Each structure stands twice: as structure tokens, then as C-alpha cells.
Amino acid sequence: LSLGVIEDFENEVTPLLAQRLAEAMSQCAFVLRTGASHILTQKIAARDLDMAICAAAAPEPEGTLVLPLLEDPYILAVPKGVSVAGGVADLVDRPLLRRDMDQVMGQQIERYLAREGVSPAKRFEMDSNQSISALVASGTGWTITTPLSLLRAGRFAGGIDAHPLPGAPVSRRIVLYAGADWAGDVPEQIALLARELIGAHFAEPGLERMPWL
């Protein structure tokens, strides 16, 4: 079984998932890869991976089973104490810490900004969640992120306030893609285990910190 998992889960979910799968599938040889969602989706489409846990792509890879794991809504993340009473328009004088445009998140955020008619200056574009969190916490700028990404802020979390994203809700879907060769109940079993681990390490702490979710 060759399995890809997004970097968001590298510290908490992926090690436990690997351990549990190794115990449950003792006769299976494993290949585990971590990476960005768009890279994992490409590997699924090319049949270089059997399964991948990542953000859903548009369009989704042909010939794959898609099992939902988590709805991860976009939110505002601003330096602690900064007002967002007027929505995103209140923040346009501060730099927006943009996501790498190759990433699913970066593309979805740009579509949201275009829909809202907001055009912050393009000063920062990063593929590092921790770098973005550090700059928000230091007061350098603000960002649009998701609860899952914000919960990875670690030591920078205390300097960041989270708020609902104004306008119609926007979210990314975290899914399990499984290639056609893996029929039967194995994908469902892996999805069930992944949901359990994501719930314990992300969904429950996220709701505790951001009950408005």
C-alpha cells in the first residue's frame, strides 16, 4: 500500500495512522509519503500512489473513490487584538500573508478575494504554515487560513486571534482518494481510522478554541 498524507497531519495524525495500519495490516508492505495536496493529487492521478489523504482537488482525479474526512472552513487570522468589525476591508492597509498559489488553499483564497472585490497588495506569498503564523503573531500582517492550519501554529498561537470569514462560507474538503485497484472495505477502514484521529487531534481542539465553528 502506497499512501500519501498532507503535511498538515505530519506531527499528530500520520505517525499514529501508520502505527495503527501496520498493526491491522500485518502482511502489507507500506510506502508512506507526505507532501502538499496538489502534489499528492497528481500522484494519485498518475497511479504513483494507491491512496492519498489531502485537500480535494477540482477536478478530482478520474477513476478514484472519494471518501470525505473533514470540512475545513476558511477563517480570518489576525494579530491579537486587531479589530475585524468591518470585515476584510478593515485589513487591506495591512499586508496579506498569501499562500503559495500552487497550493489548493492559495487558489481557493484568491477566488474568495476576487468574489469579495478585495485586492490586498501582493507582498508576501509563502508555502510555510509556520512562517505565516509567525508573521501574523508578530503583527506583520494577517491571513486567511483554516482551523486545521491554525491549530498547527504551535508557540505562535498565543499571538493570533481567529474570526469567522465574512461572506458566504468557503471551505476546503479533506478527503481520502483511493485508486480503482483498492476496492472493498480497506479504503473505508482507513477513512474511518483517519476520521477518528483527525477528530481527536484537530476537530475537538478546534471547536474548543473556536466554538463559533
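Presented here is a report on the structure given in the accompanying data block.

Parameters at a glance
Residues numbered from 1 in each chain as written. Predicted model: local features only at pLDDT ≥ 70, side-chain atom pairs only at ≥ 80, totals over all residues. Heavy atoms only, no water. Pairing = 2+ DSSP bridges. Helix = DSSP H or I, 4+ residues; strand = E, 2+ residues; numbered from the N terminus. Axes fitted to C-alpha atoms, helices over the stretch in contact; angles between N-to-C directions. Patch = residues over 30% accessible without salt bridge, like charges linked within 9 Å, V, L, I, M, F, W, Y side chains within 5 Å. Areas by Shrake-Rupley, 256 points an atom, 1.4 Å probe, with all protein chains shown as cover. Salt bridge = Lys/Arg side-chain N within 4 Å of Asp/Glu carboxyl O. Lys, Arg positive; Asp, Glu negative; His and termini not counted. Charge placed at Lys NZ, Arg CZ, Asp CG, Glu CD. Contact = heavy atoms within 4.5 Å.

This part is about the sheet that holds strand E8 (residues 143-145). The pairing of strands in a sheet comes from backbone hydrogen bonds and takes either a parallel or an antiparallel form. In spatial order, the strands read E8-E5-E9; together these three strands make up an open sheet with antiparallel pairing. Each edge of the open sheet is held by one strand with a lone partner, namely E8 and strand E9 (160-164). When the angles between neighbouring strand axes are averaged without regard to direction, this sheet yields 35°. Note: strand E5 (residues 75-79) against E9, five bridges, orientation antiparallel. Bridging across to E9, Ile 75 finds its partner in Pro 164.

Once that is clear, we can look at a negative patch on the surface. A grouping of Glu 7, Glu 10, Asp 102, Glu 125 and Asp 127 is seen on the molecular surface, where their side chains present a negatively charged patch. Here Glu 7 shows up in the loop between strand E1 (2-6) and helix H1 (13-24).

Another point: the sheet that holds strand E10 (residues 171-179). Within the open sheet, the five strands sit side by side as E2-E1-E3-E10-E4. Their pairing is mixed. Both outer strands of the open sheet, strand E2 (31-35) and strand E4 (64-73), are each paired with one neighbouring strand and no more. The mean angle between the axes of side-by-side strands here comes to 15°, regardless of whether they run parallel or antiparallel. As paired elements, E1 and strand E3 (residues 51-55) share three bridges and run parallel to each other. The partner of Leu 3 across the bridge, within E3, is Met 51. Strand contacts of helix H6 (residues 186-209): E3, E4 and E10, with the helix running at about 10° to E4, the strand carrying the most contacts.

The values reported here are purely geometric and, on their own, carry no functional implication.
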